[in-house]
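Residues per chain, in single letters:
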Amino acid sequence: MKLPETQVALLEAASATDSKPIASLAEETGEKPETLTRAAFELEDRGLLAVEERTEEARSLTDEGAEYLDAGLPELRLYRAAVDAGAADDPVEMSRVIGAADLDGPEVDIALANFARKGLGSIDAGAVSANPEADPDADPETAALAAVDAGDSVDDAVTDRLVERGLLDRTERTVRAVTLTDAGVTALMEGIEVAETVGQLTPELLASGEWEDVEFAEYNVEADAEPAAGGRVHILRQTAEAVKDTLVGMGFEEMEGPHADADFWINDALFMPQDHPARTHWDRFTLDVDPHDDLPADLVARVEDAHRNGVGEDGDGYHSPWDRAFAEEVALRGHTTSLSMRYLSGHAVGELEPPQRFFSVEKVYRNDTLDPTHLLEFFQIEGWVMAEELSVRDLMGTFEEFYAQFGITDIEFKPHYNPYTEPSFELFGTHPETGEMVEIGNSGLFREEVLRPLGVECDVMAWGLALERLLMLMYGFEDIRDVHGTLCDLDLLRNVEVVH
């Protein structure tokens, strides 16, 4: 009997009494596991080998899990610091405990979210109370991290929780093992010759004519192959395109404009006072570039007057400093309302006559703390309608029509304050997994202090909605970092489809 070299090596390494995994045979023979797998299936077809398959679950620590295994889970560090500060007897100021626990950035939110869940204590009115009966050394999640690191088994419920927290990775793999059959033993005893086989037809074989005399290796379509994951449009971009299609279908036109703009367009034209907290370096990204000193002088003068003196007989303004140099500074836009100001003022596409409908779905940038619902950059769905005699009911009806296109029909509205709209309200939707109300946007009718300097003499209703929050309501994601950033779920991104 003649067989290819790989099949002969596999037969000689296999056992008739012990089932040997392909992985160990690959080490023994020096062949690739996928090459031996293909050979094993071919020998199984000949009746010389028996192939067994089973599915194994592999668990491994993520980088964050390994970090917490070494430093301790944030909630346990918070508990130990609270006990050391006397919180087992009397409540202790939370900032003091957080500092003593050496928690930084997202770790603070993680610690607070798990502190009460584990019965370690409670947090009320900014003070921490520690449960004196809690035992941080008996924490099952810490024990599970250590067990996974050591290769030991872990309870499924604890594993699920650690996977949910992003501290463990869990994957399934197919493990194959082979055993010599009686026919395989007989073939080895009778002797097997190595056949010269060719695995690929080449131009040289065709040109020389040797292809007529060589023996080609059989091709097994059932053999394992490396998964091929091609590129595809990201789920956020798919959703953005779906939103654009929906708004265009509702009669809107798309706006375009710069990501980095003068603070005048981002905030001043929107009647945001220059001493507003959102305009400090803590909340915005200012760029070290030359200022925009070519702003339209007449518009700047009208906006400055509105800030200082208000608009109309009853206008009062802010009575706070207004500096043109500040207005000319360049920053990354914190909202796409800068586009709305450019369009409504006529600076972008010329003077507009009502009725008009415009929108954008673009990125904005804010110096926020990263958490499950906040990122430093995200997509904002900006939109506005210019028409006579608009009301809040028109605005609510627009939202209900828009969100219904994505299967969301439980929108709720809450009165809110904005410096630039009156009346104003926030939008909320019910998260399909947690049942909690999630803020999904902000809206209102632009104030006279915004419209009059721009030269707009009719009503304008406007909104800024979060594209990522819409995605969370559609698919039940609890952490936007699952689809955006370095912690995203690649399998999910490769397989999910946006439907609307």
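## Some points on empty space enclosed by the protein
Okay, so step 1: The full count for this structure, using the stated rule, is one cavity of 30 Å³ or more.
Okay, so step 2: Estimates place the volume of the largest cavity at around 30 Å³.
Okay, so step 3: Leu247, Met250, Thr398, Phe399, Phe402, Trp463 and Leu465 are the residues that line the largest cavity.
Okay, so step 4: Classifying every residue of the lining of the largest cavity gives six nonpolar, one polar and no charged.

## Section: the sheet that holds strand E17 (residues 421-430)
Sheet strands line up and pair through hydrogen bonds in the backbone, either parallel or antiparallel.
Okay, so step 1: Read across the sheet, seven strands follow the order E11-E14-E15-E19-E18-E17-E16 without closing on themselves; strand pairing throughout is mixed. The open sheet is flanked by strand E11 (253-254) and strand E16 (412-416), the only strands paired with a single partner.
Okay, so step 2: Inspection of the sheet shows strand E15 (residues 377-387) paired to strand E19 (residues 459-466) by eight bridges, in the antiparallel sense. Bridge assignment links Ile381 to a residue of E19, and that residue is Leu465.
Okay, so step 3: Packed onto the sheet, helix H12 (residues 235-249) meets E11, strand E14 (356-365) and E15 and runs at close to 165° relative to E14.
Okay, so step 4: Those strands touched by helix H17 (residues 392-404) are E15, E16, E17, strand E18 (437-446) and E19, and its axis lies near 35° from that of E19.

## Thoughts on the confidence of the model for the chain
Okay, so step 1: On average, residues of the chain carry a pLDDT of 88, and 97% of them reach 70 or more.
Okay, so step 2: Taken element by element, the predicted model of the chain shows its lowest mean pLDDT in strand E9 (residues 197-198) (72) and its highest in E11 (96).

## Focus on the pattern of salt bridges
Okay, so step 1: Going through the model one piece at a time under the given rule, you end up with 30 salt bridges.
Okay, so step 2: As a salt-bridge pair, Arg59 and Glu57 come within 2.7 Å of each other at their nearest N and O atoms.
Okay, so step 3: A salt bridge links Arg284 to Asp263; the shortest N-O distance between them is 2.8 Å. You can see Arg284 sitting in the loop between helix H13 (263-266) and helix H14 (297-309) and its partner Asp263 sitting in helix H13, a full 21 residues away along the chain. Taken as a pair, Arg284 and Asp263 share a single burial class, namely buried.

## So, the nonpolar core
Okay, so step 1: Among the nonpolar cores identified, the biggest contains 43 residues, and Val243, Ile381, Phe402, Tyr403, Leu467 and Leu470 are the most heavily contacted of them.
Okay, so step 2: Mapped by element, the contributors of at least two residues to this core are H12, E14, E15, H17, E17, E18, E19 and helix H19 (467-475).
Okay, so step 3: Once residues within four sequence positions are removed from consideration, Tyr403 is found in contact with Ile408, Ile411, Leu427, Ile440, Leu465 and Leu470.
Okay, so step 4: Among the nonpolar cores identified, the runner-up in size contains 33 residues, and Ala269, Leu270, Leu299 and Trp384 belong to it.

## A short note on unusual backbone geometry
Okay, so step 1: Residue Pro354 is joined to Pro355 through a cis peptide bond whose omega torsion reads 0°.
Okay, so step 2: By the element assignment, Pro355 lies in the loop between helix H16 (337-344) and E14.
Okay, so step 3: Between Glu422 and the following residue, Pro423, the backbone shows a cis peptide bond with an omega angle of 0°.
Okay, so step 4: For Pro423, the position within the fold is in strand E17.
Okay, so step 5: In this structure, Phe271 takes a positive phi of about 60° despite not being glycine.
Okay, so step 6: Residue placement: Phe271 occurs in the loop between H13 and H14.
Okay, so step 7: Of the residues examined, Phe271 reaches a relative accessible area of 3% and is grouped as buried.
Okay, so step 8: Not every positive phi belongs to a glycine, and Glu389 is a case in point at roughly 55°.
Okay, so step 9: Mapped onto the elements, Glu389 comes out in the loop between E15 and H17.

Conventions and cut-offs
- Residues numbered from 1 in each chain as written.
- Predicted model: local features only at pLDDT ≥ 70, side-chain atom pairs only at ≥ 80, totals over all residues.
- Heavy atoms only, no water.
- 1 Å grid on protein atoms, 1.4 Å probe; cavity = no way out; pocket = protein on both sides within 12 Å on 5 of 7 lines; lining within 4 Å.
- Points joined across faces, edges and corners; volume = space filled by probe spheres on them.
- Nonpolar A, V, L, I, M, F, W, Y, C, P; charged D, E, K, R; others polar.
- Pairing = 2+ DSSP bridges.
- Helix = DSSP H or I, 4+ residues; strand = E, 2+ residues; numbered from the N terminus.
- Contact = heavy atoms within 4.5 Å.
- Axes fitted to C-alpha atoms, helices over the stretch in contact; angles between N-to-C directions.
- pLDDT = per-residue confidence, 0-100.
- Salt bridge = Lys/Arg side-chain N within 4 Å of Asp/Glu carboxyl O.
- Buried < 20%, exposed > 50% of the residue type's maximum accessible area, 1.4 Å probe, protein only.
- Core = buried A, V, L, I, M, F, W, Y, C linked by side-chain atoms within 4.5 Å.

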